[in-house]
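Structural description and commentary
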2 protein chains.
Amino acid sequence: MKNLSIGDAELEIMKVVWRAGGPIGSAAIGKAVEEKGWKRTTIATFLARLVEKGALAAEQRGKALYYTPLISEREYKKQRVSGIVKSLFDGSAKEMVAALFEGENFTDEDIEELKAVFDKKEK
Amino acid sequence: MKNLSIGDAELEIMKVVWRAGGPIGSAAIGKAVEEKGWKRTTIATFLARLVEKGALAAEQRGKALYYTPLISEREYKKQRVSGIVKSLFDGSAKEMVAALFEGENFTDEDIEELKAVFDKKEK
DNA sequence: CCATTACATCTACGATTGTCGACGTATATA
DNA sequence: TATATACGTCGACAATCGTAGATGTAATGG
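Conventions we followed
- Residues numbered from 1 in each chain as written.
- Chains lettered and ligands numbered in written order.
- Predicted model: local features only at pLDDT ≥ 70, side-chain atom pairs only at ≥ 80, totals over all residues.
- Core = buried A, V, L, I, M, F, W, Y, C linked by C-beta atoms within 7 Å.
- Buried ≥ 20, exposed ≤ 12 C-beta atoms within 10 Å, placed from the backbone.
- Helix = DSSP H or I, 4+ residues; strand = E, 2+ residues; numbered from the N terminus.
- Contact = placed C-beta atoms within 7 Å.
- Domains from an automatic or database assignment.
- Near = placed C-beta within 6 Å.
- Nonpolar A, V, L, I, M, F, W, Y, C, P; charged D, E, K, R; others polar.
- Pairing = 2+ DSSP bridges.
- Axes fitted to C-alpha atoms, helices over the stretch in contact; angles between N-to-C directions.
- Parallel < 35°, antiparallel > 145°, perpendicular 65-115°, else oblique.
- Least-squares fit on C-alpha atoms with pLDDT ≥ 70 in both.

Judged by nonpolar contacts, the single largest core of 21 residues is most densely connected at M96, V97 and L100 of chain A together with M96, V97 and L100 of chain B. Mapped by element, the contributors of at least two residues to this core are α4 (73-89) and α5 (93-103) of chain A together with α4 (73-89) and α5 (93-103) of chain B. Examining the composition of this core, we find that 6 residues originate from one element, α5 of chain A, more than from any other. Leaving out residues up to four positions away in the same chain, V97 of chain B has contacts with V97, L100 and L114 of chain A.

Laid out in structure tokens, this is it:
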């Protein structure tokens, strides 16, 4: 369970692959990140690196490669958040929530929902 | 208010400077991060880079330089957390808390405290 | 005064990441 | 069939970051 390190641009690619319901080809990926303005080869490099890193699996389908995530979005997010909690908040998730609270906008609805989540966990 | 990017090792230095109650010299910094096993020059490089980046101010005091944070720990943490919320959770702080909750350990006490914080904000 | 010490500065090197251009090939099309 | 098209692969370059050796200098201890 090693921690793969995925760069910001690479992450955008991962998001597209995650959102796709199954294996997705580079053409579709390119289409999905059109607004980033990346050249075709740039995207190809990201894909190759993500495969190298073990974040994606590639399978040949016809002339193109199709990609599947080897780590779930959920898992990856957990890893990242854990890393931040450890490196920035001395391991205290509570402290992190406090910081979040200070810097981000929560609606009253959000808060209600969160309290509900908390209640469910607390017993 | 630009976003300074501080590396993991650099961050350890920042923590020491933050924790110091005032300007702190490189000797004391070195002492404080002894357990990292960094060479003196390594630490000096980090300090120089942090000054370049505008994260620290340096003032000459006798023969040594003394450092003061130009960004507070609080502010920096907010920035980092905001960045993650934006890049990983589509801007939804609520989603981030959910992920946190899934991956980290909260004690019942933590939860009580957090709910209290929430209540105070919610009105 | 001379050697040791305590610092700061400069340069460097490897890994990672963002960003391609150049190439080679296979497929589809005029 | 001669080409344009669509892809994948390689190599490259600049910036950032972790890490540190080499060098220069000023203060200190004998």
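Splitting chain A by domain gives domain 1 (8-69) and domain 2 (73-121). For domain 1 of chain A and domain 2 of chain A, the distance between their C-alpha centroids amounts to 29 Å.

Our focus in this paragraph is the protein's contact with DNA strand D. Surrounding DNA strand D, one finds 21 residues, the nearest of these being S26, A44 and L65 of chain A together with G7 and A9 of chain B. Those elements giving two or more residues to the surface near DNA strand D turn out to be α2 (26-32), α3 (40-52) and β3 (64-69) of chain A together with α1 (8-19) and α3 (40-52) of chain B.

Quick look at the interface of chain B and chain A now. Accessible area lost upon the coming together of the parts serves often as the stated size of an interface. Taken together, the contacts link 34 residues of chain B with 34 residues of chain A. Tallying contributions element by element places α5 of chain B first for the side of chain B that touches chain A, with 10 residues. Here the residues of the side of chain B that touches chain A sort into 17 nonpolar, 4 polar and 13 charged.

Lining the immediate environment of DNA strand C, one finds 21 residues, of which G7, K39 and T45 of chain A together with A44 and L65 of chain B sit closest. Every element with two or more residues in the surface near DNA strand C is listed here: α1 (8-19) and α3 of chain A together with α2 (26-32), α3 and β3 (64-69) of chain B. Of the residues belonging to the surface near DNA strand C, the class tally is 8 nonpolar, 8 polar and 5 charged.

Quick look at the sheet that holds β3 of chain B now. Across a sheet, strands are paired by hydrogen bonds formed along the backbone, either parallel or antiparallel in direction. All names here are of chain B. The 3 strands are arranged β1-β3-β2 in an open sheet whose pairing can be described as antiparallel. Edge positions in the sheet fall to β1 (24-25) and β2 (56-61), since each has one partner strand and no second. The pairing of β2 with β3 spans 6 bridges and is antiparallel. In the sheet register, E59 faces β3, and the bridge partner there is Y66.

Okay, the sheet that holds strand β2 (residues 56-61) of chain A next. All names here are of chain A. Here we have 3 strands laid out as an open sheet, ordered β1-β3-β2, and antiparallel in their pairing. In the strand order of this sheet, the two ends are held by β1 (24-25) and β2, each with one partner. In the packing of α1 onto the sheet, contacts are made with β1, β2 and β3, and the angle to β3 comes to roughly 85°.

What follows concerns the packing of α1 of chain A against α3 of chain A. All names here are of chain A. As a packed pair, α1 and α3 sit with axes 10 Å apart at the nearest point and diverge in direction by 85°. By the angle between their axes, α1 is roughly perpendicular relative to α3. When α1 is examined against α3, the residues A9, E10, I13 and M14 are found in contact with a partner set consisting of I43, F46, L47, R49 and L50. When its residues are assigned to classes, the contact of α1 with α3 shows 7 nonpolar, no polar and 2 charged.

The subject of this paragraph is the pairing of β3 of chain B. Residues and elements named next belong to chain B. Alignment of β1 against β3, held across 2 bridges, turns out to be antiparallel. Across the sheet, residue G25 finds its bridge partner in β3, namely Y66. Counting the residues that bridge the hairpin from β2 to β3 gives 2 residues, and of these G62 lies at a positive phi of roughly 65°.

Attention shifts here to the relation of the copies chain B and chain A. When chain B is fitted to chain A, the residual RMSD is 0.1 Å, and the transformation amounts to a turn of 179° plus an axial shift of 0.0 Å. The superposition operator between the copies reduces to a two-fold rotation axis. By residue overlap, the copies meet face to face through one surface: 100% of the interface positions of chain B are interface positions in chain A.

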